[in-house]
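# What the coordinates show
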Amino acid sequence: MDFEKTYQKVRGTVLKCHREFYLHLWDTCDWEQEGMIVLYHLIEENPIVLEDDDKLHVYFKTKFRNHIIDKVRMQEAKKRTLDTKAYVEVSEVGHLLADPGLYMDELVLFKNQIQEYKNTLSQKELDNYQRIVSNQSFKGRKKMLKAMAHYFKEFDPRKS
């Protein structure tokens, strides 16, 4: 078996997926390498594909596309956004910039700030905080909201 010749038979599928999907910081070499890895595993699991080119194309296309879709899902998962590299040229990925809102690192800081704020509250104030979160009315609501606004002023989008 000549692995390079076998890979050349399915290389078109790899390049088509490269045009169809976007994976952060992947270039053509990364796509080719993933294609070779998937092909290697496919041959190990189903050596029969070496005897039939039609099966090779169908099996590889299915396995490779599923592999890439898994990578895209992993990339898009909100909890994994902190794993991405710190710097990417904006001109290259400007069309992918997210809607306005908190970024993941800001969200983590905001949740920590909420926890710190809740730790400073008495039991009665904590009950009132729960009422605010569930949008209920109570006496002293405006005063508590004003105090909370001061505590969370760095997250106010109007002040940035």
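To be clear, the structure that these remarks concern was listed above.
These lines cover the structure that appears in this document, whether it is placed above or below. Treat the numbers as computed from the prediction; the structure is a model and nothing was measured.

Moving on to the side chain of E34. Along the chain, E34 falls in helix α2 (residues 28-45). A polar side-chain atom of E34 sits 2.5 Å from a polar atom in the side chain of H67. Not counting residues within four places of it along the chain, the set of residues in contact with E34 comprises W26, F64, H67 and K71.

Note on soluble globular proteins: their nonpolar side chains tend to be buried together. Ranked by internal contacts, the top residues of the largest apolar core, which has 17 residues, are W31, L39, F60, F64 and I68. Every element with two or more residues in this core is listed here: α1 (3-20), α2 and α3 (53-76). Contacts of L39, omitting those with residues within four sequence positions, involve F3, T6, Y7, V10, L56 and F60.

Further remarks concern the packing of aromatic side chains. With the rule as written, the count across this model stands at four aromatic pairs. Ring centres of F60 and F64 lie 5.4 Å apart, and the angle between their planes is 10 degrees; this geometry places the pair in the stacked category. With a gap of four residues between them, F60 and F64 both fall in helix α3, about one helical turn apart. With respect to burial, F60 and F64 carry one shared label: buried. Three or more aromatic residues link up through ring pairs in this structure, and these residues are W26, W31, F60 and F64.

To continue, consider unusual backbone geometry. Despite not being glycine, L25 has its phi angle at roughly 65 degrees, a positive value. If you trace the backbone, L25 turns up in the loop between α1 and α2. At N135, a position not held by glycine, the phi torsion is positive, near 60 degrees. Relative to the elements of secondary structure, N135 occurs in the loop between α6 (123-133) and α7 (141-151).

Taken as a whole, this structure holds five salt bridges when the rule is applied. When the shortest N-O distance is used, the salt bridge between R11 and E32 registers 2.7 Å. Remark: E32 occurs in helix α2 and R11 occurs in helix α1; sequence separation between them is 21 residues.

Procedures and definitions
- Residues numbered from 1 in each chain as written.
- Predicted model: local features only at pLDDT ≥ 70, side-chain atom pairs only at ≥ 80, totals over all residues.
- Heavy atoms only, no water.
- Helix = DSSP H or I, 4+ residues; strand = E, 2+ residues; numbered from the N terminus.
- Polar contact = N/O pair within 3.5 Å; in protein donor to acceptor, adjacent residues only side chain to side chain.
- Contact = heavy atoms within 4.5 Å.
- Core = buried A, V, L, I, M, F, W, Y, C linked by side-chain atoms within 4.5 Å.
- Buried < 20%, exposed > 50% of the residue type's maximum accessible area, 1.4 Å probe, protein only.
- Phe/Tyr/Trp six-rings, centres within 6.5 Å; stacked < 30°, edge-to-face > 60°.
- Salt bridge = Lys/Arg side-chain N within 4 Å of Asp/Glu carboxyl O.

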